[in-house]
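Report on the structure
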Amino acid sequence: MATSTLTKKTKRRATAKAEHGTSVTTAFQQIRELIVHGKLSPGTWIVEGDLCEHLNMSRTPVRGALYWLQREGYVLEYRSTSKSRMVVAPLTKEDAGELYPIIGRVEGLAGRRAAALSKEDRETIAGKLREINHQLASIAQNKPLKAVGIFDLDRDFHRAIVAAGAGPRLHSLHQAIEPQTERYWRLYASSIINDLHLSVAEHDEIIEALLEGNADRLESALQTNWEKGCERLGHVIDVFGERGSFNTCPALVTRGF
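Okay, so let's go over this structure. (Residues numbered from 1 in each chain as written. Predicted model: local features only at pLDDT ≥ 70, side-chain atom pairs only at ≥ 80, totals over all residues. Heavy atoms only, no water.)

The next thing to look at is the overall build of the protein chain. Scanning the protein chain for helices and strands turns up nine helices and two strands. In the protein chain, the order of α-helices and β-strands from amino to carboxyl end is α-α-α-β-β-α-α-α-α-α-α. When each of the 257 residues of the protein chain is scored for burial, the buried share is 42%. For the protein chain, the proportion of contacts with a sequence separation of at least 24, taken over those separated by at least 6, is 78%. (Helix = DSSP H or I, 4+ residues; strand = E, 2+ residues; numbered from the N terminus. Buried < 20%, exposed > 50% of the residue type's maximum accessible area, 1.4 Å probe, protein only. Contact = heavy atoms within 4.5 Å.)

Next comes the structure, spelled out in structure tokens:
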């Protein structure tokens, strides 16, 4: 009887730990989405109670998720003389200058593997890439007032290459980094439309390198696209300013989820 009771208690504890882990992961994903989509703006103080209410979760998984977000760079700890607070990481030129080359290297490695695929597979992927790039070229030419979909199209272009060439480790690295770049794209994409034709031309080079099966050329083309994109983003940030930087504005509390 005693053994049976211990077994039941052990199972309950294991179940509770599993549920806690699942809750932390869910909280992490939902808070990250709020940050990436700008619903928690750069520089915003993190109000733990508000997040708990919004997510309908207790403080324990939310707090665990915030520490996880801090490790991945979405949230920073801001210390004053009297207390410590969490704040949504700002979007800065310096951060973008570090982030964009990193994802460029990851995609470049995936590109090398994609270049080794069969000619038939490369042509199939290239056809998808051309279709996406054609839509981007149309936006670049027509310059609509609201360029809806630029980010989604660009993301689909790059994801197609990663899906074709990345193994599990590369794919996992890309999944961890991509949402960080998405923050910049979603906030500044509408301001980059005048230079979109440059990205379209860089995409054409990527497609040609893939069709050729040239690993060095494809890796270089992917890295160049991200590095040039970083330069273009830097010019936009110079004009419109950094978002949430403590050097430019104080962090504010916002609750408009």
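And the narrative resumes.
A few words on the layout of surface pockets. Empty space among the atoms becomes apparent when a probe as large as a water molecule is rolled across them. Taken as a whole, the largest pocket holds about 330 Å³ of empty space. In this structure, the largest pocket is lined by 17 residues; those nearest its centre are Arg32, Val36, Gln175, Pro179 and Glu182. Sorting the residues of the lining of the largest pocket by element identifies helix H1 (2-36), helix H6 (150-165) and helix H7 (168-188) as the ones contributing at least two each. When the residues that make up the lining of the largest pocket are grouped by side-chain class, the tally is five nonpolar, five polar and seven charged. If you add up the space inside the second largest pocket, you get close to 270 Å³. Residue lining of the second largest pocket: 14 residues in total, with Glu72, Gly73, Asp95, Leu99 and Gln180 positioned closest to the centre. Among the secondary structure elements, those contributing two or more residues to the lining of the second largest pocket are helix H4 (93-115) and H7. (1 Å grid on protein atoms, 1.4 Å probe; cavity = no way out; pocket = protein on both sides within 12 Å on 5 of 7 lines; lining within 4 Å. Points joined across faces, edges and corners; volume = space filled by probe spheres on them. Nonpolar A, V, L, I, M, F, W, Y, C, P; charged D, E, K, R; others polar.)

A few words on the environment of Leu173. Inspection of the secondary structure puts Leu173 in helix H7. The exposure class of Leu173 is partly exposed, given its relative accessible area of 47%.

Right, let's get into the packing of aromatic side chains. Describing an aromatic ring pair means giving the distance of the ring centres and the angle of the ring planes. A full pass over the atoms with the stated rule returns five aromatic pairs. When the ring of Trp45 is compared with that of Tyr78, the centres are 5.3 Å apart and the planes differ by 50°; the resulting orientation is tilted. Placement of the pair is Trp45 in the loop between H1 and helix H2 (48-55) and Tyr78 in strand E1 (residues 75-79), with a sequence separation of 33 residues. Taking relative accessible area as the criterion, Trp45 reaches 16% and is therefore assigned buried. For Tyr78, a relative accessible area of 34% corresponds to the partly exposed category. On the numbers, 6.4 Å between centres and 85° between planes, the contact of Tyr100 with Tyr184 is edge-to-face. You can see Tyr100 sitting in helix H4 and its partner Tyr184 sitting in helix H7, a full 84 residues away along the chain. The same class applies to Tyr100 as to Tyr184, namely buried. Linked through ring pairs, Tyr100, Tyr184 and Trp226 together constitute an aromatic cluster. (Phe/Tyr/Trp six-rings, centres within 6.5 Å; stacked < 30°, edge-to-face > 60°.)

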